[in-house]
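# Breakdown of the fold
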Amino acid sequence: MRILFEYRPQSYLPEIQAYRDYLQKFDFVTTSDTNEMPEANPKDYDVFWRFMGMARFQNADVVVHEYNSLSTAPFARFKNFLKKRLNHTPDFRVFLNQQVSREFNFNDGVPSGVRDMGINKLFYQPSLCRKTFDHHLVYMGSLTKSRNLTGILEHISQDKHGLKILLIGEPEPELYKQFKNCAQITFTGRVPQKDIPQIATTAFAGLNYTPDFYPYNVQTSTKLLEYCALGLNVVSTKYAWVKGFEEARKANFFWLNDSFQGFDADNLENYAFITPDVSDLEWNKVIEKSQIFENLFKEIGLKT
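Residues numbered from 1 in each chain as written. Predicted model: local features only at pLDDT ≥ 70, side-chain atom pairs only at ≥ 80, totals over all residues. Heavy atoms only, no water.

Below, the discussion takes up the sheet that holds strand 3 (residues 47-51). Strand order in the open sheet formed by six strands is 2-1-3-4-5-6, and the pairing between neighbours is parallel. With one partner strand each, in any of the chains shown, strand 2 (30-33) and strand 6 (112-114) form the two edges of the open sheet. The mean angle between the axes of side-by-side strands here comes to 20 degrees, regardless of whether they run parallel or antiparallel. Pairing of strand 4 (residues 62-67) with strand 5 (residues 92-95), which is carried by four bridges, proceeds in the parallel orientation. (Pairing = 2+ DSSP bridges. Helix = DSSP H or I, 4+ residues; strand = E, 2+ residues; numbered from the N terminus. Axes fitted to C-alpha atoms, helices over the stretch in contact; angles between N-to-C directions.)

Quick look at the structure:
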């Protein structure tokens, strides 16, 4: 069986490599993606795995639609409605979590599975734990306007709070221009994933700064999972998904309020953090638990 995964360069899709690694245990499966084979024709493969988007036409024998996120503003729910109504009917669907599945609420009888985010093995490195730190905070991920980071960076830039932050990722030009000369804020730019754990663990805590509005507030935070795997303390905005994660994992995170009151170096360093064990969320374990491939193979009549 040959499976082709649709690579979308505008999206961060660590699940593609995780899927390909997991599928190596099935000796009847070979995999490719459209990044390494941009001229690949889906019709030449047994399964075409798409990350949605819009897809009006069926262009392979077996098509999987994966909804690894909800649509973003503006008009997020209307975009979800269009995807539900206008996308071609696939043979199988995969959803990020139950909330994403409920939001789309497909009722056409197509079989589906749920596969939450996992953590790359690179982030499980206890040897990187430190007793001294160069930064109070590290932030990994999107440095775009939609993340509303300006307010918290302005707070950190004030000497009276005693905070320093490390930003890992490619910032939007306006954000970089505004804060590039601030001594409390360090930009790394884009770095190879293999180097991120070494760099991130120079900080005392990981910052999960997620806006409390749809759809961000109901989706799994990959960066927070990675902070936990690294053994970092967690500082976060408070919203539905992260509150549920903290409670379920018996963790204790430092919560930010809208005015950042009490958010300073002294309070951070003296807070009773509890970082949860997330060893069960390594990618292979997450995919195996989801059984998405085993269920797909059954649906198309293959024995594993």
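Moving on, there is more to tell.
Turning our eyes to something else, we now look at the pattern of salt bridges. The tally for this structure, following the rule as stated, stands at nine salt bridges. Close ionic contact of Asp195 with Lys194 constitutes a salt bridge, the shortest N to O distance being 3.2 Å. Asp195 sits in the partly exposed class, given a relative accessible area of 29%. Several salt bridges converge on common partners, so that one network encompasses Glu15, Glu66 and Arg115. (Salt bridge = Lys/Arg side-chain N within 4 Å of Asp/Glu carboxyl O. Buried < 20%, exposed > 50% of the residue type's maximum accessible area, 1.4 Å probe, protein only.)

Now for the nonpolar core. Core analysis: the biggest nonpolar cluster contains 86 residues, and Trp49, Ile152, Val235, Phe263 and Phe293 have the highest contact counts within it. No other element matches helix 7 (residues 222-230), which puts six residues into this core. Non-local contacts of Val235, meaning those with residues more than four positions away in its chain, are made with Leu137, Ala205, Gly206, Leu207, Asn208, Phe254, Leu256, Phe263, Leu268 and Phe273. Core analysis: the second largest hydrophobic core is formed by six residues, Leu4, Ala40, Tyr45 and Phe48 among them. (Core = buried A, V, L, I, M, F, W, Y, C linked by side-chain atoms within 4.5 Å. Contact = heavy atoms within 4.5 Å.)

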